[in-house]
Amino acid sequence: MTHTRNTPVSRKQSLAPDLDAMADRAARAWRERMAVGSLGGGRYVVESESGATYIVSLPESRCSCPDHSIRGERCKHRRRVAIEVTEGRVPPPGFRAADCLACGHETLVPDAVRLPLCPTCGFESGDRVRDRETGDLLTVVETTDHRADEVEITATDSTVAAHPTNRAYDPAEPVVEAVYPGSERRYSFPRSRLVRRPRAASAGDSSPTATG
């Protein structure tokens, strides 16, 4: 393999930790067979290799095991939780694992987010999108944390989910607010009704033909 002169090349080395060089508790955190599950709020349940179960709180730097609660040591269970969070095996504090409402794939979302979307399915303010039903082009203003069957459309005295053009979509989908080119009026759509477009694409001219 040939590298150009300015391409940085790392030296050959194993990225696996050298367990023999670690302190005993640190090495056991890596070596022993444990199961870790998130309880939310930065708390985790750890089933140790012996079958005993302990509760670890990362925000409080605490574990219910005797090694921590009696001897005051940074036990292997706290270390194991930190390893699994770093490796992405369990959610970090403040996050939870959830199924994306749009595609169904598991993703990590903040605890405060009620309606989860994965990074692929979530929109950001300024994203260009196309309306599946009309082909109109819009710009996303905000992805809300409200369900389509909770958001009222004042002009039609109905919810976004109950609007005739939205009845084929899941009423539990989060509502996305978007604007048409040249307008500041926001329109509400179920998430899966909108399709992402490249930012470089021209928005063109469209007229409001969807929900209000």
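Residues numbered from 1 in each chain as written. Predicted model: local features only at pLDDT ≥ 70, side-chain atom pairs only at ≥ 80, totals over all residues. Heavy atoms only, no water.

A word on the overall build of the protein
Tallying secondary structure elements over the protein gives three helices and 13 strands in all. Taking all 212 residues of the protein together, the buried fraction comes to 37%. A sequence separation of at least 24 residues applies to 46% of the contacts in the protein between residues at least 6 apart. Accessible surface, the protein as shown: approximately 12,700 Å² in total, 48% of it carbon and sulfur. (Helix = DSSP H or I, 4+ residues; strand = E, 2+ residues; numbered from the N terminus. Buried < 20%, exposed > 50% of the residue type's maximum accessible area, 1.4 Å probe, protein only. Contact = heavy atoms within 4.5 Å. Areas by Shrake-Rupley, 256 points an atom, 1.4 Å probe, with all protein chains shown as cover.)

Considerations on the pairing of strand 11 (residues 174-179)
A regular strand places its side chains on the two faces of the sheet in alternate fashion. With six of six residues buried, strand 11 lies mostly within the body of the structure. With five bridges joining them, strand 8 (residues 137-147) and strand 11 adopt antiparallel strand pairing. By the bridge assignment for strand 11, glutamate 142 is matched with glutamate 177. (Pairing = 2+ DSSP bridges.)

Details of the confidence of the model for the protein
When pLDDT is averaged along the protein, the result is 88, and 86% of the positions lie at 70 or above. Ranking the helices and strands of the protein by mean pLDDT puts strand 3 (residues 53-57) first, with 98, and strand 13 (residues 194-197) last, with 90. This model gives residues 201-207 a pLDDT under 50, and the stretch forms 14 contacts once residues within four places in sequence are excluded. (pLDDT = per-residue confidence, 0-100.)

Quick word on helix 1 (residues 24-31)
Every buried residue belonging to helix 1 is among Ala26, Ala27 and Ala29, and all of these are buried. On an axial view of helix 1, the arc spanned by its buried residues comes to 155°, and they lie on one face. Against the buried residues of helix 1 lie helix 3 (76-86). (Arc of directions from axis to C-beta.)

Focus on the pattern of salt bridges
Here the structure, examined in full by the defined rule, presents 14 salt bridges. Glutamate 84 is the salt-bridge partner of arginine 89, the closest N and O atoms lying 3.2 Å from each other. Assessed through its relative accessible area of 61%, arginine 89 is described here as exposed. Where salt bridges share partners, they join Asp24, Arg28, Glu32 and Lys76 into one cluster. (Salt bridge = Lys/Arg side-chain N within 4 Å of Asp/Glu carboxyl O.)

Some points on the sheet that holds strand 2 (residues 43-47)
With respect to topology, four strands assemble into an open sheet ordered 1-2-3-4, the strand pairing being antiparallel. In the strand order of this sheet, the two ends are held by strand 1 (35-40) and strand 4 (62-63), each with one partner. Note that strand 2 and strand 3 share five bridges and pair antiparallel. Bridging from a neighbouring strand, valine 46 pairs with tyrosine 54 of strand 3.

Some remarks on the side chain of serine 57
Residue placement: serine 57 occurs in strand 3. The contacts of serine 57, once residues within four sequence positions are left out, are Gly42, Arg43 and Arg62.

A word on unusual backbone geometry
For serine 61, which is not a glycine, the phi torsion comes out positive at approximately 50°. Inspection of the secondary structure assignment puts serine 61 in the loop between strand 3 and strand 4.

Regarding the layout of surface pockets
Approximately 200 Å³ is the volume found for the largest pocket. Along the wall of the largest pocket there are 13 residues; nearest its centre are Val113, Leu115, Pro116, Leu117 and Thr143. A per-element tally of the lining of the largest pocket places strand 6 (residues 106-110) first, with four residues. Residues of the lining of the largest pocket, tallied by class, amount to eight nonpolar, four polar and one charged. (1 Å grid on protein atoms, 1.4 Å probe; cavity = no way out; pocket = protein on both sides within 12 Å on 5 of 7 lines; lining within 4 Å. Points joined across faces, edges and corners; volume = space filled by probe spheres on them. Nonpolar A, V, L, I, M, F, W, Y, C, P; charged D, E, K, R; others polar.)

Some words on the nonpolar core
Within the largest apolar cluster, 12 residues are counted, these being Met34, Val36, Tyr44, Val46, Tyr54, Val56, Cys63, Cys65, Cys75, Val81, Val85 and Val90. Listing elements by their share of this core, those giving two or more residues are strand 2, strand 3 and helix 3. Leave out the neighbours within four places in its chain, and valine 46 touches Met34, Ala35, Val36, Ala52, Thr53, Tyr54, Val56, His77 and Val81. Residues Val129, Val140, Tyr187 and Phe189 belong to the second largest nonpolar core, which totals 10 residues. (Core = buried A, V, L, I, M, F, W, Y, C linked by side-chain atoms within 4.5 Å.)

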